[in-house]
Amino acid sequence: MFGAVLLSFVGPLILWRLYAFTIKPWCRPNEPKEIPYWIPYLGHGIPYVQNGLGLISGARKYFNDTREPFAITIFGKKLYFVTSPEDATAFFKESETLSFDKIVREIASSFGVSDTALYDFNRQPLGEKDDVVSRKTGIKNPHLKSLSQLNKDFMKQQFLPGERYYELQDRFLGYIETSLIQVNTSNKPATCEAASHEHTSLMEWSQSVLIDAGVRALFGDKLLELDPDLPKHFLKFNDELWKLLYKWPGATQTRAAKSQCIKTIQQYLALPKHERPGAAYVVEVMEATQRALGIPEDDIATVLFMLLWSTNTNTYKLLFWALAHLLQDPDLLATIRDETAPAIKPGKGVSIPYLIDSCPWLSALFNEVLRVYDGVSSTRLVTAPTSIGGKALPVGSRVVVPVQQLHFNRSIYGPDVNEFAPERFIRSKNLTHSSSYRPFGGGTSYCPGRLLARQEVSVFIALALARFDVEIVGERGVPVVDKGLPAGGVMSPKPGEDLLLRLSPRSV
Ligand code: HEM
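Parameters and conventions
- Residues numbered from 1 in each chain as written.
- Predicted model: local features only at pLDDT ≥ 70, side-chain atom pairs only at ≥ 80, totals over all residues.
- Heavy atoms only, no water.
- Axes fitted to C-alpha atoms, helices over the stretch in contact; angles between N-to-C directions.
- Helix = DSSP H or I, 4+ residues; strand = E, 2+ residues; numbered from the N terminus.
- Parallel < 35°, antiparallel > 145°, perpendicular 65-115°, else oblique.
- Contact = heavy atoms within 4.5 Å.
- Nonpolar A, V, L, I, M, F, W, Y, C, P; charged D, E, K, R; others polar.
- Near = heavy atom within 4 Å.
- Polar contact = N/O pair within 3.5 Å; in protein donor to acceptor, adjacent residues only side chain to side chain.
- Pairing = 2+ DSSP bridges.
- Domains from an automatic or database assignment.
- Buried area = accessible area lost by both parts, 1.4 Å probe.
- Salt bridge = Lys/Arg side-chain N within 4 Å of Asp/Glu carboxyl O.

Colleague: Give a detailed account of the packing of helix α16 (residues 330–340) against helix α22 (residues 450–467), specifying residues and quantitative values.
Modeller: Interhelical geometry of α16 versus α22 gives an angle of 100° and a closest axis separation of 9 Å. Regarding the angle of α16 to α22, the classification is roughly perpendicular. Contact residues: L333, I336, R337 and T340 in α16; I461, A462 and L465 in α22. Taken together, the residues of the contact of α16 with α22 sort by class into five nonpolar, one polar and one charged.

Colleague: How would you summarise the environment of P353 if you had to cite specific residues and measurements?
Modeller: As for its placement among the helices and strands, P353 is situated in helix α17 (residues 352–357). On a C-alpha basis, the gap between P353 and L307 in space is 27 Å, while along the polypeptide they are 46 residues apart.

Colleague: I'd like to hear about the site of the ligand, residue by residue, with values.
Modeller: Around the ligand lies a shell of 25 residues, among which K152, M155, R380, S445 and C447 are the nearest. K152 places a side-chain nitrogen or oxygen 2.6 Å from an oxygen atom of the ligand. Between an oxygen atom of the ligand and a side-chain N or O atom of S445, the distance comes to 2.6 Å. For the shell around the ligand, the secondary structure elements donating two or more residues are α7 (147–159), α14 (297–312), α15 (315–326), β8 (377–382) and α22. A breakdown of the residues in the shell around the ligand according to their chemical character gives 12 nonpolar, nine polar and four charged.

Colleague: Talk me through the sheet that holds strand β3 (residues 77–81); I want residue IDs and the actual numbers.
Modeller: Pairing between the strands of a sheet is mediated by backbone hydrogen bonds and can be parallel or antiparallel. The strand order across the open sheet formed by six strands is β1-β2-β3-β11-β8-β4, and the pairing between neighbours is mixed. Looking at strand neighbours, the two that pair on one side only are β1 (33–34) and β4 (98–99), the edges of this open sheet. Two strands pair when backbone bridges link them, and β4 and β8 are joined in this way by two bridges, in the antiparallel orientation. Looking across to β8, one finds that L98 is bridged to V382. Set on the sheet, helix α2 (residues 45–62) makes contact with β2 (70–74), β3 and β11 (398–402); between it and β2 the angle comes to about 170°. Contacts from helix α3 (residues 85–93) reach β4, β8 and β11 within the one sheet, and its direction differs from that of β8 by about 55°.

Colleague: Give me the lowdown on the domain arrangement of the protein chain, citing residues and values where you can.
Modeller: In terms of domains, the protein chain is made up of domain 1 (2–81) and domain 2 (101–505). Centre-to-centre separation of domain 1 and domain 2, based on C-alpha positions: 35 Å. Facing the 22 residues of domain 1 at the interface are 23 residues of domain 2. With both chains or domains summed, domain 1 and domain 2 bury close to 2,000 Å², and 61% of this area falls on carbon and sulfur atoms. A per-residue breakdown of the area domain 1 buries against domain 2 is headed by V49, L53 and Y80, which together make up 33% of the total. The tally of links between domain 1 and domain 2 comes to one salt bridge. Taken together, the links from domain 1 to domain 2 amount to eight residue pairs in polar contact (both at pLDDT 80 or more).

Here it is, written out as structure tokens:
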């Protein structure tokens, strides 16, 4: 009896598997091959959440490392993965049929932006008379763009060099500088909640200085006055955002952290303008244009929270890894301390052009940290028939470039690909222009914050080395990275992996 039931279940399963993974690929050679699985719908969902990077590397090797696009089914969705540099370039160029906007829309929905607001955001005005945003705010919109398209322009105006950018840069870097000036009696920077009275956690140091600067540079000081714990809620949310994106059950605490941040931004928005001075252009213009469209305040707060998230989600982790490696390498530390010293002029602040153009080892460290720890997976929705690497991608499917597959390509980076070796960027000056180096994506969604991210990390390191002798407490190697969770950005260390530091002021 049991045998018959088993057979009636197993028989069709074997037939289905034979059809899906042997016969169908044979009949349709122009479609990407798929990694076989046994349980329909589930596919490789669990291994993806447990060790997504390992699963993708395993899949690439399963197909003999040809780097042709391949597919993996994850919880009922078939994702197409692109891992060769040439295909990644095609992916970023193909902005017409591979839509990033639709993915942003899904992310916005996971953040809690309402369907009505999303509709308003993505609606293109039919003509000048219908262009309410332009009429009410005076913002020119000759191409009748939707508000979500205009937002991209606002972000570029804010984060790419120009008058508005320099204003933000001064404020951002000014906050970092102030945070690193004050040292209280227990030898820790004033803004840091250290792990003990004498020691500072590297992660807390990186988080407290950069998130504080990030929030203040965008919103002025008011937001942190309204909720001094905002950075804590933000970090809780940031660590677990993947649960919302993957609709993971039981993400109550993640939702609570998100709601807390949004509630504070809503309180901020409810204040009269004169009580919340110091907001950046991008915050002001996003608020004004959404109000013009009649978008409710809770949606405006959620959209501004997305802005806060996109500007702060990665950089503190980048700084953490840069310092974690630097502090284990006395020669590199001495080199970077020497080369950055001329950038710091007492009373005149830090010279950014000097740090960026005349400090090759600092740049090499920054580039190598991004190569090794950036776990970004650029994702697009296929909106019209598209072919990449000679393989047809079905309309409605998702296609992903997992950047780690490019950054650990032995044929590009050589036999030491698995080593942390900043000198590779000194040896090969053009490596950052390689199509296999894409920490900030590419094409129309090329990260507008890439310059600011580099400056934040560079200024922090230069000032920290000039102002402190930084020692690691105890015998610890570089913390172990958590490759298990679907990071979606710069990866975190595994829980409990951190470095304790002792900071002693240097006489400058
Ligand atoms: C280590 C730091 C950072 C990394 C690794 C990073 C990475 C990326 C990547 C890969 C994308 C493109 C996503 C895609 O095409 O699928 C992106 C987009 C974006 N990034 Fe960054 N980013 C960083 C820092 C920043 C900072 C500091 C800001 C703002 C100040 C920022 C703002 C944005 C925005 C607004 C977008 C969306 C652009 C669009 O919609 O076209 N990022 N980032």
